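# Fold and geometry: a report
Here's the letter readout for the chains.
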Amino acid sequence: MDILLKVRLVVLFGLMGGLAWSQPVLSLEEAVQIALENNFQVQILRNNETIAANSNTYGNAGYLPTVSTTGSVTYSSNNTEQKFFSGDTRTGVGAGNTSARAGLEATWTAFDGFRMFATKERLDMLESRSHVLTQQELHGIATDVQLAYFELIRLQQQIGITETSIELNQSLRRLASDKLRLGASTELEVLQATNAVNADSSALLNRQEQLRQAKMAFNLLLGRESTIAFRVPETIDPVAMPTLDALTQQALDHNYQLSLLNVDERLAAVTIKEAKADLYPRLNLNLGYSFSYSRAEVGFLLSNRTFGPTGGISLSYDLFTGHNLKKDIANANIYQDNIQLSRKDLTLNIRSTMSQLFQQYQSLLEVRDLELRNVETSTRNTELARQLYQAGRATDYAVREAILLETQVKDRLSDYSYRMKMAELQMKSLAGMPMYGE
């Protein structure tokens, strides 16, 4: 039974390993690009950017005049009776009256208390804000993809560590079986090695299932079919990071939340300018051309026609607006103060969080370097324990402990490398650094 189980596991792991290596490698940059291209929220935000750009025109701000045309034709049939002071009477039954009007008029606001300038500035800010929102979403998606990508690598590393543990325990079992045949060992050592192989095999199946589920979730994150097969690299390598001061300054200059607050503060200032425009009078210029014609079957005139240019200037000023102007300006000032307070709070949080992440990253980097040396030591220790066991100078327990120690050290190295990468990505995200092709 033990031999059959061994054969089945070897065949199963061989098939899984061959299937995995036949899958195409999905690079991190490719994954980010796929996610950015397929994400519906990004497409919506890009459409919003287009809307903001289309709305940002001088005409929408009130710089340009409005030109309108009018035209009408009216006909009426009336019974008419007219009495004059002379005593004469004129009557008409079903008398027709025709009138026609046409006109072209241009109206231009020459002065509106500088509102048009403030409105154009507000439209510029809204377009900039829409762009920042899109970039923030792109940045967030790229960050999420990278976090999930390295989680896949971590799971894949765990599978590799477990497979190595299985190979080592299988080697120990072969040595125990050989010694049993020679009468230098007991069946207990063979059974204990078999239990270790079986335990690792069960853990391997669980981790392979975890990886399969994680890949399905990752495909959904990329906006594609969950069943698409792929594999990721085997290692998580550290990258050189700037100093804490450089990272902090980068965050203060390029953090997307902070950038949005800066735009909102400028929008609040522009809103105040627009509200203060009502403190000034408004001057409108009118220029037009009109034509009118009328004809009556009964009346003093048979027909009347007038045409020619028209022009005028109108000046208006609101003497009292129910204190609404004062209220609007006060509320805009309060809103601006709130934005400034939020920016100070966010700046403090950015400095604190960046400092914590940087210290965590440095600590993990030091521990990772130590674990790299520990891996070399534990690997040599396992090999030496196997040799001593084969020579009869060590027990199978010592070999199993050496294998377990090597597995634990490799797992710690993988964990520290993963946590270090998470801290690195969080610092980059906080600093607004590019996260592949945004």
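Refer to the structure above for everything that follows.
Residues numbered from 1 in each chain as written. Predicted model: local features only at pLDDT ≥ 70, side-chain atom pairs only at ≥ 80, totals over all residues. Heavy atoms only, no water.

When helices and strands are counted, the chain shows 10 helices and 4 strands. When its helices and strands are written in sequence order, the chain yields α-α-α-α-β-β-α-α-α-α-β-β-α-α. The buried share of the chain, taken over its 438 residues, is 37%. The contacts of the chain with a sequence gap of at least 6 include a subset with a gap of at least 24, amounting to 82%. For the chain, the accessible surface area stands at approximately 25,300 Å², while carbon and sulfur atoms represent 56% of it. (Helix = DSSP H or I, 4+ residues; strand = E, 2+ residues; numbered from the N terminus. Buried < 20%, exposed > 50% of the residue type's maximum accessible area, 1.4 Å probe, protein only. Contact = heavy atoms within 4.5 Å. Areas by Shrake-Rupley, 256 points an atom, 1.4 Å probe, with all protein chains shown as cover.)

Our next topic: the packing of aromatic side chains. For the structure shown, the criterion picks out 10 aromatic pairs. Summarising the aromatic geometry, the rings of Phe-111 and Phe-114 are spaced 5.2 Å apart at their centres and angled 85° between planes, so their arrangement reads as edge-to-face. Overall, the relative accessible area of 44% leaves Phe-114 in the partly exposed class. Both rings, one in Phe-111 and one in Tyr-280, keep their centres 6.1 Å apart while their planes meet at 90°; by these two values the pair is edge-to-face. In this pair, Phe-111 sits in strand β2 (residues 89-111) while Tyr-280 sits in the loop between α8 (256-276) and β3 (282-296), placing the two residues 169 residues apart along the sequence. Under the relative-accessibility criterion, Tyr-280 is labelled partly exposed at 37%. A network of ring pairs unites the aromatic residues Tyr-58, Tyr-63, Phe-111, Phe-114, Phe-117 and Tyr-280 as a single cluster. Seen from the ring of Phe-230, Lys-215 lies directly overhead, with NZ or CZ sitting 5.2 Å from the centre. (Phe/Tyr/Trp six-rings, centres within 6.5 Å; stacked < 30°, edge-to-face > 60°. Lys NZ or Arg CZ within 6 Å of the ring centre and 35° of its normal.)

Within the chain, Phe-114 stands out as a residue other than glycine whose phi angle is a positive 70°. Tracing the backbone shows Phe-114 in the loop between β2 and α5 (115-181).

Before going further, it helps to spend a moment on the environment of Phe-111. Residue Phe-111 is classed as partly exposed on the basis of its relative accessible area, which comes to 26%. Along the chain, Phe-111 and Leu-315 lie 204 residues apart, while their C-alpha atoms are 9.5 Å from each other. For Phe-111, the residues in contact, after removing those within four places along its chain, are Tyr-280, Pro-281, Arg-282 and Leu-283.

Moving on to a nonpolar patch on the surface. A grouping of Val-67, Leu-104, Tyr-289, Phe-291 and Phe-307 is seen on the molecular surface, where their side chains present a nonpolar patch of about 500 Å² in accessible area. Tracing the backbone through its elements, the reader meets Tyr-289 in strand β3. (Patch = residues over 30% accessible without salt bridge, like charges linked within 9 Å, V, L, I, M, F, W, Y side chains within 5 Å. Salt bridge = Lys/Arg side-chain N within 4 Å of Asp/Glu carboxyl O.)

A word on the packing of α5 against helix α9 (residues 324-390). The geometry of α5 relative to α9 is characterised by a closest axis approach of 10 Å and an angle of 10° between their N-to-C directions. Relative to α9, α5 is oriented roughly parallel. Where α5 abuts α9, its residues Leu-168, Ser-171, Leu-172, Leu-175, Ala-176 and Lys-179 lie against Thr-382, Arg-386, Tyr-389 and Gln-390. When the residues that make up the contact of α5 with α9 are grouped by side-chain class, the tally is 5 nonpolar, 3 polar and 2 charged. (Axes fitted to C-alpha atoms, helices over the stretch in contact; angles between N-to-C directions. Parallel < 35°, antiparallel > 145°, perpendicular 65-115°, else oblique. Nonpolar A, V, L, I, M, F, W, Y, C, P; charged D, E, K, R; others polar.)

This part is about the environment of Leu-64. Summarising the element assignment, Leu-64 is placed in the loop between α4 (58-61) and β1 (66-83). Sequence separation of Leu-64 and Trp-108 is 44 residues, and the distance between their C-alpha atoms is 6.7 Å.

Within the secondary structure layout, Arg-400 lies in helix α10 (residues 396-431). When residues no more than four places from it in sequence are discounted, the contact partners of Arg-400 are Leu-172 and Gln-192.

Another point: the environment of Phe-150. When you line up the elements, Phe-150 lands in helix α5. Given a relative accessible area of 8%, Phe-150 falls into the buried group. As a C-alpha pair, Phe-150 and Thr-235 span 85 residues in sequence and 9.1 Å in three-dimensional space. Once residues within four sequence positions are removed from consideration, Phe-150 is found in contact with Leu-28, Ile-236, Tyr-418, Lys-421, Met-422 and Leu-425.

Right, let's get into the nonpolar core. In this structure, Ala-31, Val-145, Tyr-149, Phe-150, Leu-152, Phe-218 and Leu-222 are the most contacted members of the largest nonpolar core, which totals 31 residues. The set of elements that each furnish at least two residues to this core consists of α2 (28-38), α5, α6 (187-221) and α10. When residues in this core are grouped by element, the largest group, 11 residues, is from α5. Residue contacts for Ala-31: discarding those within four places in its chain leaves Leu-26, Val-145, Tyr-149, Phe-218 and Leu-222. (Core = buried A, V, L, I, M, F, W, Y, C linked by side-chain atoms within 4.5 Å.)

A few words now on the packing of helix α7 (residues 244-254) against α10. Running from amino to carboxyl end, α7 crosses α10 at an angle of 45°, the nearest separation of the two axes being 7 Å. Compared by their axis directions, α7 and α10 come out oblique. Judged by residue contacts, Leu-247, Gln-250, Ala-251 and His-254 of α7 engage Met-427, Leu-430 and Ala-431 from α10. Looking at the contact of α7 with α10 residue by residue, the classes come out as 5 nonpolar, 2 polar and no charged.

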